[in-house]
Amino acid sequence: VACPAVVRRMWEKEFIRHQEIDRPVSAPDGRPKAVPGDGVTVVSHAAFADGASTSLMRAGAPYDVVILDESHLIRQYDAARSRAIMEPGGAWEWGTRFWCLSGTPIVNSAVDLWPLVYGPLRRPIAWWDWGMRFCEEMRSDGFGGIRGIGIKNAEEMAEFFRPHMLRRTLAGIGVMLPALSVAHTPVPIAPDALARVMADLEGWTPQRLAAALEDKDEMHDSALARVRKALGLAKAEQVARHVQLMLANDEGPVVVFFQHTAVRERLHELLSGYCGYRVSWI
């Protein structure tokens with residue numbers, strides 16, 4: 001199993017809990033240090049960015065099944081881990097079965113699916129040709145590269161994937177959710193917070209910022225990560241007041257999502273100051 005590092009232990013725990021086969025299950029920290037033997041081995045996606053680790057895991061083949069969890073994260077065709085998993089000869093060929101799991105198969109555009117098409121589905125179509133066929137537009141990313149925008153010919157693409165895909169819907173597994181409503185609340189940014197944001201973005205162009213935000217590039221760009229943190233802290237007090245109003249109107253319980261631990265701590269501090277409410281974090 002290849003998955004995000006934060007859920008390695010969860011995969012290990014669930015295999016131990018549910019399997020009906022007496023076999024060892026391991027989730028080594030960091031990159032694997034031995035050839036996996038019989039049983040289940042859970043590694044992070046990052047292990048495939050390291051040539052030595054990839055060679056070590058390949059030596060353990062053939063596997064009965066190779067599972068790629070959160071497969072939409074392996075969408076950058078030129079990334080080392082994408083090549084190690086999706087290219088011909090990659091991890092998808094190490095076993096008799098290759099399962100990709102994702103709740104969001106397409107994140108930005110139809111080209112997100114191309115590594116899956118070129119590798120496991122064995123269709124020798126070029127990245128550009130796939131994008132031109134199924135993306136609304138192929139445009140410059142502002143850094144000398146090209147990126148796909150949107151989706152077109154969706155029915156044709158659905159027919160292409162239908163023989164290979166099992167789709168589970170909420171209704172199909174008996175989960176009924178209330179209607180979704182979305183509200184946008186503008187929040188003013190204090191001058192000092194705005195100054196910190198602008199300092200971290202010195203030398204950035206609007207095009208670069210838009211592309212980075214769309215691609216969630218704060219995972220790889222420390223300046224953008226600091227910007228996200230500054231904006232999160234700048235909004236914390238307004239968010240806490242909004243939550244307090246919701247609870248006062250009997251609209252609880254409330255779940256608030258955050259990205260940085262500093263934002264979590266500030267929200268917890270603010271919400272804990274309101275009398276009569278229990279506050280915790282995960």
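Residues numbered from 1 in each chain as written. Predicted model: local features only at pLDDT ≥ 70, side-chain atom pairs only at ≥ 80, totals over all residues. Heavy atoms only, no water.

Participant: Break down the packing of aromatic side chains for me, citing the residues and quoting the values.
Facilitator: Applying the stated criterion across every chain, the model contains nine aromatic pairs. The interplanar angle of 35 degrees and the centroid separation of 5.1 Å between the aromatic rings of Tyr77 and Trp127 together place this pair among those described as tilted. Residue Tyr77 is located in the loop between strand 5 (66-69) and helix 3 (80-86), and its partner Trp127 is located in helix 5 (residues 127-134); the two are separated by 50 residues in the primary sequence. The class for Tyr77 is partly exposed, based on a relative accessible area of 36%. An angle of 65 degrees between the planes, with centres 5.4 Å apart, marks the rings of Trp130 and Phe160 as edge-to-face. (Phe/Tyr/Trp six-rings, centres within 6.5 Å; stacked < 30°, edge-to-face > 60°. Helix = DSSP H or I, 4+ residues; strand = E, 2+ residues; numbered from the N terminus. Buried < 20%, exposed > 50% of the residue type's maximum accessible area, 1.4 Å probe, protein only.)

Participant: Give a detailed account of the confidence of the model for the chain, specifying residues and quantitative values.
Facilitator: Looking at the chain as a whole, the pLDDT averages 87, with 97% of positions reaching at least 70. The secondary-structure element of the chain with the lowest mean pLDDT is helix 8 (residues 206-214), recorded at 73, while strand 5 shows the highest, at 96. (pLDDT = per-residue confidence, 0-100.)

Participant: I'd like to hear about the packing of helix 5 against helix 6 (residues 154-161), residue by residue, with values.
Facilitator: Across the interface, helix 5 lies against helix 6 with an axial gap of 9 Å and an inter-helix angle of 125 degrees. Classed by the angle they form, the pair helix 5 and helix 6 counts as oblique. Taking contact as the criterion, the partners of Trp130, Arg133 and Phe134 in helix 5 are, on helix 6, Glu156, Met157, Phe160 and Phe161. Partitioning the contact of helix 5 with helix 6 into residue classes produces five nonpolar, no polar and two charged. (Axes fitted to C-alpha atoms, helices over the stretch in contact; angles between N-to-C directions. Parallel < 35°, antiparallel > 145°, perpendicular 65-115°, else oblique. Contact = heavy atoms within 4.5 Å. Nonpolar A, V, L, I, M, F, W, Y, C, P; charged D, E, K, R; others polar.)

Participant: Could you give me a rundown of helix 2 (residues 51-59), with the residues and numbers involved?
Facilitator: Every buried residue belonging to helix 2 is among Ser53, Thr54 and Met57, and all of these are buried. Across the axial projection of helix 2, the buried residues extend over an arc of 100 degrees, all falling on one side. Residues Gly51, Ala52 and Ala59 are exposed on helix 2 and point more than 90 degrees away from its buried face. Against strand 4 (43-44) and helix 3 lie the buried residues of helix 2. (Arc of directions from axis to C-beta.)

Participant: Describe in detail the nonpolar core, supporting the description with residues and values.
Facilitator: Membership of the largest hydrophobic core comes to 31 residues, with the highest contact counts inside it found for Phe48, Ile85, Phe98, Trp130 and Phe161. Secondary structure elements with two or more residues in this core: strand 5, helix 3, helix 4 (114-118), helix 5 and helix 6. Not counting residues up to four positions away in its chain, the partners in contact with Phe98 are Val66, Leu68, Ile85, Met86, Trp92, Leu116 and Pro120. In this structure, Cys3, Trp11, Val25 and Ala27 belong to the second largest nonpolar core, which totals nine residues. (Core = buried A, V, L, I, M, F, W, Y, C linked by side-chain atoms within 4.5 Å.)

Participant: Go over the packing of helix 7 (residues 191-200) against helix 9 (residues 222-248), please, and point to the residues and values.
Facilitator: With their axes 9 Å apart at the nearest point, helix 7 and helix 9 run at an angle of 170 degrees to one another. It follows from the interaxial angle that helix 7 and helix 9 lie roughly antiparallel. Where helix 7 approaches helix 9, its residues Ala193, Val197 and Asp200 are matched on the opposing element by Ala223, Arg226, Val227, Ala230, Leu231 and Ala234. Looking at side-chain class alone, the contact of helix 7 with helix 9 contains seven nonpolar, no polar and two charged residues.

Participant: Before we move on, could you go through the side chain of His260 and cite the residues and values that matter?
Facilitator: As for its placement among the helices and strands, His260 is situated in the loop between helix 9 and helix 10 (261-272). Excluding residues within four positions of it along the chain, His260 makes contact with Ala225, Arg228 and Lys229.

Participant: Just give me the short version of the pattern of salt bridges, but keep the residues and values in it.
Facilitator: By the definition in use, this model includes twelve salt bridges. For Asp64, the salt bridge identified is with Arg97, shortest N-O distance 2.9 Å. You can see Asp64 sitting in the loop between helix 2 and strand 5 and its partner Arg97 sitting in the loop between helix 3 and strand 6 (98-101), a full 33 residues away along the chain. Residue classification places Arg97 among the partly exposed residues on the basis of a relative accessible area of 39%. Residues Arg75 and Asp112 are paired through a salt bridge, measuring 4.0 Å at the closest nitrogen-oxygen approach. (Salt bridge = Lys/Arg side-chain N within 4 Å of Asp/Glu carboxyl O.)

Participant: Summarise the environment of Trp127; cite the residues concerned and give the values.
Facilitator: Owing to a relative accessible area of 14%, Trp127 belongs among the buried residues under this scheme. Taking the C-alpha atoms as reference points, Trp127 and Asp112, separated by 15 residues in sequence, lie 9.9 Å from one another. Beyond its immediate chain neighbours, meaning those up to four positions away, Trp127 contacts Tyr77, Val111, Trp114, Met138 and Ile146.

Participant: Can you tell me about a nonpolar patch on the surface, naming the residues and giving the values?
Facilitator: Taken together, the side chains of Leu170, Ile173, Val175 and Leu177 define a hydrophobic patch exposed on the protein surface, amounting to about 350 Å² of accessible area. Within the secondary structure layout, Ile173 lies in the loop between helix 6 and helix 7. Given a relative accessible area of 43%, Ile173 falls into the partly exposed group. (Patch = residues over 30% accessible without salt bridge, like charges linked within 9 Å, V, L, I, M, F, W, Y side chains within 5 Å. Areas by Shrake-Rupley, 256 points an atom, 1.4 Å probe, with all protein chains shown as cover.)

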